[in-house]
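Each chain, written out:
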Amino acid sequence: MSKNTAIDLENMNVDELRAITENAQQLIAKKQHQRLYDAYMQFEEIAEDSNASIEEILKAGETLEKKRSIKYRNTDNNEETWTGRGRKPTWLVEALAAGRSIEDFAI
């Protein structure tokens, strides 16, 4: 069957439809596995080109992502930050209640 051939599902019995579904699920799993394998191989090549291990790259990425996602910093305590997601931290709620603007804390 070529890729352009339409399948007439209406005229198939239940067993034939189940077989198509099972084959499609197996093919999906195979293609997903291949996609991940290809990505992993590219990642290994990048690590080798960078003279680093995959673990080092992942750890650096976590650190960079964490720093990049910070949107607000407490001006009274630089250790207190907020990404702008989830509940506002107490220090920010108190500052806003005292009349400060959220832009005062934007990074």
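Up top is the structure these notes are about.
Reference entry: report on the structure contained in this document. Given the structure is predicted, the values throughout are model-derived calculations rather than measurements. (Residues numbered from 1 in each chain as written. Predicted model: local features only at pLDDT ≥ 70, side-chain atom pairs only at ≥ 80, totals over all residues. Heavy atoms only, no water.)

## Brief notes about the nonpolar core
The line we're drawing: In plain words, nonpolar cores are sets of buried Ala, Val, Leu, Ile, Met, Phe, Trp, Tyr and Cys residues tied together by side-chain atoms within 4.5 Å. Classification of residues uses two cut-offs on accessible area relative to the type maximum, computed with a 1.4 Å probe and protein chains only: under 20% is buried, over 50% is exposed, and between them is partly exposed. Working rule for contacts: check all heavy atoms of both residues, and any pair within 4.5 Å makes them a contact.
Of all hydrophobic cores here, the largest spans 6 residues; its members are Tyr-72, Trp-82, Trp-91, Leu-92, Ala-95 and Phe-105. In this view, Trp-82 contacts Ile-70, Lys-71, Tyr-72, Arg-87, Lys-88, Pro-89, Trp-91, Leu-92 and Ile-102; residues no more than four positions away in its chain are not counted.

## Regarding the packing of aromatic side chains
Definition in use: Each pair of aromatic rings taken from Phe, Tyr and Trp, with Trp reduced to its six-membered ring, is defined by centres within 6.5 Å and is described as stacked if the planes are under 30 degrees apart, edge-to-face if over 60, and tilted in the remaining cases. To qualify as a helix, a DSSP run of H or I must reach at least 4 residues; to qualify as a strand, a run of E must reach at least 2; elements of each kind are numbered from the N terminus.
By the definition in use, this model includes 2 aromatic pairs. The interplanar angle of 65° and the centroid separation of 5.6 Å between the aromatic rings of Trp-91 and Phe-105 together place this pair among those described as edge-to-face. Of this pair, Trp-91 sits in helix 3 (residues 90-97) while Phe-105 is found in the segment after helix 3, placing the two residues 14 residues apart along the sequence. For Phe-105, a relative accessible area of 2% puts it in the buried group.

## Topic: a negative patch on the surface
So the rule is basically this: Like charges within 9 Å and nonpolar side chains (Val, Leu, Ile, Met, Phe, Trp, Tyr) within 5 Å are joined into patches, using only residues over 30% in relative accessible area that form no salt bridge. With residues, only the protein chains shown are counted as cover, and all accessible areas are computed by Shrake-Rupley using a 1.4 Å probe. Salt bridges are defined as contacts in which a side-chain nitrogen from Lys or Arg sits within 4 Å of a carboxyl oxygen from Asp or Glu. Here Asp and Glu are counted as negative and Lys and Arg as positive; His is not counted, and neither are the chain ends. Every charge is mapped onto a representative atom, which is NZ of Lys, CZ of Arg, CG of Asp or CD of Glu.
Together, Glu-44, Glu-45, Glu-48 and Asp-49 make up a negatively charged patch on the protein surface. For Glu-44, the position within the fold is in helix 1 (residues 14-49). Its relative accessible area of 33% is what places Glu-44 among the partly exposed residues.

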